[in-house]
Each structure stands twice: as C-alpha cells, then as structure tokens.
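Here is what each chain is made of, one letter per residue.
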Amino acid sequence: MNAALLRVRASLPLLVQGFLAWLWFASAVSAQAPEFVATRAQVRDAWVSVDAVVFGDYTGVDSTLGSIYHTARVRESWMGQVPSGRLVFKAPRGVEVEPGTQVLLMLWDRLNAATDSYIETARARYGENVWTQIGSDSITTYLLPFAQYALPFRDGKIKLRSGSMFPEEVKRGDLRREMRELEYTLLPPQLYQRSDLVVHARVQYVDRRNRVIEGVAVEHRIYVEFEPIEIIKGSQPDSLKLGYSSFPRSPRFERDEQVILFLTRADQGFILEPGKRAVYHVRDGTVGETGQPLRTFIQSLHAKD
C-alpha cells in the first residue's frame, strides 16, 4: 500500500479502514489468481439480498440490444420462477466472467430487492438515464446489481473460502443443498419461531441520511418508525423504530405501506436479523410475498403455537 493510501486510512474510522483493507486484499487475490474466490458468508449474504438465482452458462453481451444487456442459458432455477433457456438481464456494472463460463447468477427482479443506497448511487452515476440503466423494461425485468453476483464455476464446482484462507472446491449440488437449507430458515414459520416480536404495522416515517467524512459519503443510514396495527407475537413495544445501514441485504421501506416484521430483540431495541427477508408486504389484505390473504398468513404462523 502506498503512503497516500496509508494517510487516507489513518483519517477514517475503523469500519471504513476495514472495508478499504478488504478491497485491497480482494484486489491482491484477484491479481494473483485468475479464478474468483468468495467466502461462504458472502454467498449467503448475496442469497438473502436477491429474489432470483439461476445456474447456467454465461453467453455474453447481446450487442443487438445494447451494452447493458447480457445473456445466459439457464440450466437450473434455484430461486424464483426463471424458466430454462435463454435469459436476458441487465448488468450496468458489468460481468467479470468470460462467455462460456458456468455461472451462478444472483438477480433482482423488477428492482423488488433494490436498496436505498443502490438506487441513490445509481442516480448519482446515471442521472436522468438511471431507470434505463437499472429499471425493468420490455426486454427484461432482471438485473445483476453487482458484478460479483455472477459466481463462476469450473466443471460444476466453485471455489469458496470458509474458516481458512485457503479455498475449497464445492460441488454445485452441495452448494444448492446448502442454499436450500438456508432458505428453509427464512420461511415465515421458521422466522416466527425464532422472532421475539412479530407485528403487522404501517410505515409512519422514513428518513434517509448520508454519513459524510471529509466530503465523502461513507455510509447510507435509514431510520424508520412504525405504527403497530396488530401484534402477532410478543408484547406491544413502547415505540417501534429501526435504524440501520443500507447494505445489499437491507430492506427498503416507503411511507404508509403496510408490512409484517419479524424482529429479534437487541441491545437497543429490535433488529431484522436476516435483513429484508424478515419483511413481508401487505396490500389490499394480501401478503405480497406469499399471495395469501392476511388472516390466512397469520393463522399459518400460529399453527405450531
């Protein structure tokens, strides 16, 4: 690392220093080895931050559509309802694998999983063209939000790091089974069992702020207040507020929308332990994520009480 970078690091808080160190390490690994290496934790975090995951063959940019339109031949749909065959998706930040590579694509569908910070960053990058770059259109509803969300395989295996610095090869079938086990823990009955408070609420207030250091935004903070409509599990809190940094797994709230929150008690109130996957949206008496009437959804949670 050069002296200028060390001076910058010395002026930043520990969290940002750690992030810079991670970026430096990731670039060093990339320079030394042609194969992408991810950690299991990164793959799990990516999984809970998206709403469509497919395995197949990356087939490159479709130049007849434009440089942001990429294609793949889907072999397996791991999450969502993506059909087999040709898939077109937007990737405004590019794809870091070569055409012909076996790849696991972690996608957003119609920006349903997009975070506040991602949208704000996209607006800053693309200006008036933001929705052309990241929004759904008549060609595709799918977006690869980050280049790193295209995970390459070789001969049906991916290299992942777990507890050590040295990667291990994980077979596609084993990783899919691992992700299915993770997905099971995110089903409403499982969330309900391990939550301290489950509440149907209205979003009363949303405040989005940037934490700026020396003129640079280093963190996008979200503050949300809710008005409880019905306590499904637990006791009525004195107030229901959330404050969190906007990361890929973070939820996005809009004022006056109705949600069901699966909350875990923490030192200073409550948190959404699995992020956006602990939030279900209610509209016109129906839970959007499951398609169930609200009362049916709540009754299914109480089934094991």
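Refer to the structure above for everything that follows.
Described below are features of the structure shown in this document. Per-chain numbering applies: the sequence of each chain, read as written, is numbered from 1 onward. Totals for whole chains, interfaces and linings use all residues, but because this is a predicted model, local features are given only for residues with pLDDT of at least 70 and pairs of side-chain atoms are given and counted only at 80 or more. Side-chain metrics rest on all non-hydrogen atoms present in the structure, leaving aside hydrogens and water.

Okay, the overall build of the chain next. Each helix corresponds to a stretch of at least 4 residues labelled H or I by DSSP, and each strand to a stretch of at least 2 residues labelled E; elements are numbered beginning at the N terminus. Counting secondary structure elements, the chain contains eight helices and 17 strands. Accessible area is worked out with a 1.4 Å probe on protein chains only. A residue is then buried under 20% of its type maximum, exposed over 50%, and partly exposed in between. Expressed as a percentage of the 305 residues in the chain, the buried residues total 44%. Residue contacts follow a heavy-atom distance rule, with two residues in contact if any of their heavy atoms lie within 4.5 Å. Residue pairs at least 24 apart in sequence account for 63% of intrachain contacts in the chain once pairs closer than 6 positions are excluded.

It is worth spelling out the packing of aromatic side chains at this point. Aromatic contacts are taken between Phe, Tyr and Trp rings whose centres are within 6.5 Å, Trp giving its six-membered ring; a plane angle under 30 degrees counts as stacked, one over 60 as edge-to-face, and the others as tilted. What the rule picks out here adds up to nine aromatic pairs. Both rings, one in Trp108 and one in Tyr118, keep their centres 4.8 Å apart while their planes meet at 75°; by these two values the pair is edge-to-face. On the criterion of sequence distance, the pair formed by Trp108 in strand β5 (residues 102-109) and Tyr118 in helix α4 (residues 116-126) is long-range, its members being 10 residues apart. Each member of the pair Trp108 and Tyr118 is classed as buried. Clustering of aromatic rings is evident, with ring pairs tying together Trp108, Tyr118, Phe146 and Tyr149. Positioned above the aromatic ring of Tyr223, the side-chain terminus of Arg209 is 4.6 Å from the ring centre. The residue whose ring lies beneath Lys233 is Tyr192, and the NZ or CZ to ring-centre distance is 5.0 Å. Cation placement over rings: the criterion is NZ of Lys or CZ of Arg within 6 Å of the ring centroid and within 35° of the ring normal.

Our next topic: the packing of helix α3 (residues 40-49) against helix α6 (residues 172-185). Only the stretch in contact is used when fitting a helix axis, every axis being a line fitted to C-alpha atoms; angles between N-to-C directions are given from 0 to 180 degrees. Relative to each other, α3 and α6 sit at 55°, their axes nearing to 11 Å. Judged on the interaxial angle alone, α6 and α3 are oblique. In this structure, α3 meets α6 at a crossing whose hand is right-handed. Together, Arg40, Val43, Arg44, Trp47 and Val48 of α3 and Leu175, Glu178, Met179, Leu182 and Glu183 of α6 make up the contact between the two elements. Under the scheme applied here, ten amino acids are nonpolar (Ala, Val, Leu, Ile, Met, Phe, Trp, Tyr, Cys and Pro), four are charged (Asp, Glu, Lys and Arg), and all others, including Gly, are polar. Looking at the contact of α3 with α6 residue by residue, the classes come out as six nonpolar, no polar and four charged. Here is the rule for angles: anything less than 35 degrees is roughly parallel, anything more than 145 is roughly antiparallel, 65 through 115 is roughly perpendicular, and the remaining ranges are oblique. Crossing chirality is assigned from the near helix's rotation relative to the far helix, an anticlockwise turn below a right angle marking it left-handed and a clockwise turn marking it right-handed.

This next bit is on the side chain of Asp109. Here Asp109 is to be found in strand β5. Under the counting rule used here, the positive set is Lys and Arg, the negative set is Asp and Glu, and His together with the chain ends is not counted. The salt bridge criterion pairs a side-chain nitrogen of Lys or Arg with a carboxyl oxygen of Asp or Glu, the two atoms within 4 Å. Although Asp109 is buried, it makes no salt bridge; Arg110 carries the closest opposite charge, 4.0 Å away. Identification of polar contacts relies on pairs of N or O atoms within 3.5 Å, with a donor-acceptor requirement for protein atoms, meaning one able to donate a hydrogen and the other able to accept it, and with residues adjacent in sequence counted only if both atoms are side-chain atoms. A polar contact of 2.9 Å, which involves the side chain of Asp109, links it to the side chain of Thr141. What Asp109 contacts, discounting residues up to four positions off in sequence, is Asp51, Thr141 and Tyr142.

Counting residues in hydrophobic clusters, the biggest one holds 51 residues, and the most contacted among them are Phe89, Leu105, Met106 and Leu175. At six residues, β5 tops the list of elements feeding residues into this core. Leu105 has contacts with Ala52, Val53, Val54, Ala72, Leu87, Phe89, Leu144, Tyr149 and Ala150, leaving out every residue within four places of it along the chain. Each nonpolar core is a collection of buried residues, namely Ala, Val, Leu, Ile, Met, Phe, Trp, Tyr and Cys, held together in the definition by side-chain atoms within 4.5 Å. Core analysis: the next-biggest nonpolar cluster, separate from the first, contains 32 residues, Leu191, Ala278, Val279 and Val282 among them.

Let us now look at empty space enclosed by the protein. Gaps left between atoms are located by rolling a probe of water-molecule size over the structure's atoms. Only protein atoms enter the 1 Å grid, on which a cavity is a set of points fitting a 1.4 Å probe that cannot get out and a pocket is an open set with protein on both sides within 12 Å along at least 5 of 7 lines, lining residues being those with an atom within 4 Å of a point. Grid points are joined across faces, edges and corners, and a volume is the space filled by probe spheres set on the points. Within this structure, the stated rule accounts for one cavity of 30 Å³ or more. Roughly 40 Å³ of volume is contained in the largest cavity. As for the largest cavity, its lining consists of Leu191, Arg194, Ser195, Phe262, Thr264, Glu273 and Pro274. At the level of elements, α7 (188-194) and β13 (258-266) are the ones that each hand at least two residues to the lining of the largest cavity. Looking at the lining of the largest cavity residue by residue, the class counts come to three nonpolar, two polar and two charged.

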